[in-house]
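Architecture and fold: a report
What follows is each chain in one-letter form.
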Amino acid sequence: MKFLEEVKPKKIAQLDDLLMDICIELQLSPNRYRQAGERYRAVAGILEGEGSPFSAYRPRIYPQGSMRLGTTVKPVDGPHDLDFVCELSVGHEKVDPMALLKALCDFLGSHGTYEDMLELKNRCVRIVYANEFYMDILPACGDAGSGSTCLQVPDRSAKGWKPSNPIGFAKWFDVRSVVLSSTVIKEAAPLPRRQEAEDKRPLQLAVQLIKRWRDLAYGGSDLAPISVVLTTLAADHYRGEDSVSLAVTTILSGIRQAVAEAEARGSRLIVLNPSNPAEDLSERWDGSPEAYAAFKAGIAEFEKTWRGVVEAGGNVSQTLEKLFGEPVKAAVLSQAKRLQEARLGNNLSIGSAGLIGTGALATIPVKPNVFYGQD
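Because the structure is predicted, anything quoted here is derived from the model rather than measured.

**Let's talk about the overall build of the protein**
Helix and strand content of the protein: twelve helices and eleven strands. A total of 375 residues make up the protein; the buried ones form 52% of that total. A total accessible area of about 17300 Å² is found for the protein, and carbon and sulfur atoms account for 51% of it.

**Some details on the side chain of Ser275**
Mapped onto the elements of the fold, Ser275 is located in the loop between β8 (272-273) and β9 (276-280). Accessibility expressed as a relative area gives 19% for Ser275, which makes it buried. At 2.7 Å, the side chain of Ser275 forms a polar contact with the side chain of Asn273. Sequence-distant contacts of Ser275, that is, excluding residues within four places in its chain, are made with Cys150, Asn165, Gly168 and Phe169.

**Structural notes on the pairing of strand β1 (residues 60-64)**
Within β1, four of the five residues are buried, which leaves the element mostly enclosed by the surrounding structure. The pairing of β1 with strand β2 (residues 80-91) spans five bridges and is antiparallel. When the sheet's bridge partners are listed, Tyr62 is paired in β2 with Val85.

**Some remarks on helix α2 (residues 30-48)**
Taking 1.5 Å per residue, 19 residues should reach 27 Å; α2 reaches 27 Å between its end C-alpha atoms and fits that length. All of the buried residues in α2 are Tyr33, Ala36, Gly37, Tyr40, Val43, Ala44, Ile46 and Leu47.

**A closer look at the side chain of Asp16**
One can find Asp16 in helix α1 (residues 9-26). By relative accessible area, which is 2% here, Asp16 ends up buried. From its side chain, Asp16 meets the backbone nitrogen of Val244 in a polar contact 3.3 Å long.

**A closer look at the packing of aromatic side chains**
For the coordinates displayed, the defined rule picks out twelve aromatic pairs. The interplanar angle of 35° and the centroid separation of 4.7 Å between the aromatic rings of Trp285 and Phe295 together place this pair among those described as tilted. Of this pair, Trp285 sits in helix α9 (residues 284-287) while Phe295 sits in helix α10 (residues 289-311), and the two are ten residues apart along the sequence. An identical accessibility class is assigned to Trp285 and Phe295; each is buried. Among the aromatic side chains, those forming a connected cluster through ring pairs are Trp213, Tyr218, Phe302, Trp306 and Phe324.

**Describing the packing of helix α7 (residues 227-237) against helix α8 (residues 244-264)**
Packing of α7 against α8 brings their axes to within 8 Å, and their N-to-C directions diverge by 105°. Classified by the angle their axes make, α7 and α8 are roughly perpendicular. Residues Leu233, Ala234 and His237 of α7 form the contact with α8, whose participating residues are Thr250, Ile251, Gly254, Ile255 and Ala258. Of the residues assigned to the contact of α7 with α8, the class counts are five nonpolar, three polar and no charged.

**A few points about the confidence of the model for the protein**
Taken over all residues, the pLDDT of the protein has a mean of 85, while the share at 70 or more is 84%. Between the elements of the protein, mean pLDDT differs from a low of 41, seen in strand β11 (residues 356-357), to a high of 98, seen in α7.

**What to know about unusual backbone geometry**
Glycine aside, residues mostly have negative phi, and peptide bonds are mostly found in the trans state. Even without being glycine, Arg58 reaches a positive phi, approximately 45°. A residue is classified by how much of its surface remains accessible, and Arg58, at 58% relative accessible area, is exposed.

**Brief notes about the nonpolar core**
In this structure, Ile22, Phe295, Trp306, Leu320 and Phe324 are the most contacted members of the largest nonpolar core, which totals 59 residues. Those residues in contact with Phe295 that sit more than four places away from it in its chain are Tyr218, Pro225, Leu230, Leu233, Ile255, Val259, Leu269 and Trp285.

**Some details on the pairing of β9**
In the sheet, β8 pairs with β9 via two bridges, with the strands oriented antiparallel. When the sheet's bridge partners are listed, Asn273 is paired in β9 with Asn276. From the end of β8 to the start of β9, which pair antiparallel, there are two residues.

**A short note on the packing of α1 against α8**
Relative orientation and spacing of two packed helices are given, respectively, by the angle between their axes and the distance between those axes. Where α1 meets α8, the closest approach of the two axes is 7 Å, and the angle between their N-to-C directions is 90°. As far as their axial angle goes, α8 and α1 are roughly perpendicular. In contact with Ile12, Leu15, Asp16 and Leu19 of α1, α8 contributes Val244, Ser245 and Leu246. Residues belonging to the contact of α1 with α8 are distributed by class as follows: five nonpolar, one polar and one charged.

**Let's talk about the environment of Lys121**
If you trace the backbone, Lys121 turns up in the loop between β3 (118-120) and β4 (125-129). Assessed through its relative accessible area of 30%, Lys121 is described here as partly exposed. Sequence spacing of Lys121 and Arg156 is 35 residues, and the spatial spacing of their C-alpha atoms is 8.2 Å. Sequence-distant contacts of Lys121, defined by excluding residues within four places in its chain, comprise Leu101, Arg126 and Arg156.

Cut-offs and rules
- Residues numbered from 1 in each chain as written.
- Predicted model: local features only at pLDDT ≥ 70, side-chain atom pairs only at ≥ 80, totals over all residues.
- Heavy atoms only, no water.
- Helix = DSSP H or I, 4+ residues; strand = E, 2+ residues; numbered from the N terminus.
- Buried < 20%, exposed > 50% of the residue type's maximum accessible area, 1.4 Å probe, protein only.
- Areas by Shrake-Rupley, 256 points an atom, 1.4 Å probe, with all protein chains shown as cover.
- Polar contact = N/O pair within 3.5 Å; in protein donor to acceptor, adjacent residues only side chain to side chain.
- Contact = heavy atoms within 4.5 Å.
- Pairing = 2+ DSSP bridges.
- Expected span 1.5 Å × (residues − 1).
- Phe/Tyr/Trp six-rings, centres within 6.5 Å; stacked < 30°, edge-to-face > 60°.
- Axes fitted to C-alpha atoms, helices over the stretch in contact; angles between N-to-C directions.
- Parallel < 35°, antiparallel > 145°, perpendicular 65-115°, else oblique.
- Nonpolar A, V, L, I, M, F, W, Y, C, P; charged D, E, K, R; others polar.
- pLDDT = per-residue confidence, 0-100.
- Core = buried A, V, L, I, M, F, W, Y, C linked by side-chain atoms within 4.5 Å.

Given below as structure tokens:
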């Protein structure tokens, strides 16, 4: 992107510094993360334990989605979601998918703790913890014919099986997260450990920012693009930048271009699971053209606004607040506090772009990521 050639590295570093503070504010609190782990282990123990109708099938229970990828975002309002898989060691061709989903719901409902907390969804059973979070448990069976980690999951709307591959997707995302270029100055499987924002790779942080934009831009509407679609598109168009701001820039430009290419072919953008191409992650758009239209309009506006943020000099906090909400205020205060401390310690510097900064603005370190969870 030619316009990026005119953006000074120091300006990018300063923006990255602010985005890091925003991502710190988007993190789930250690207490809420710990609580989620306790609830997860309790449910896993019941599904694996004596008396469970699933224990004979040696269930593998593991996190999927944002908890596994390290892209969970503190909700704007209300509970956040946790996604888990209960994979049975039996081929899907031997199991009735609708009976499996019902058996999971009935068994959890027979347990006094969860009796009044259950919702039967299209593909999963949801346990609702009031004002905290909800846990979606996805029953699954193996699909050896499609690959070692490929699964089939029940789908009520299809009244049958649908392909999936949560483990394969997580491994693909981990590979895509690798930083390739330098663009600025240099029993049940356990939950992944809670990563601090500073320990995350730029792609993880970019996904968190894009998901927060989605939450605000669509206000919880059914028109909002689902997380797995945004995550897949982000990882697919990420090009290994070690700058979060440039990663977001590249991702948004790539998505907009992909939409334009799909329109030129006379079709919508199709987002397949890269670890199981039989799964169309974006199939919801087939039945909701208005949601696809809202996605296209939202991405176009987001990219236009974001380009202005990257190109701008001076204070962009108001624009960032429109994109990411309340966490920006706390992030700006954190930056101001660091600048004040640096000023008192005579540790301020003025870069070639005329920006006042501290040593923290020189670079944002990227630590190695480790894939946690069951292989």
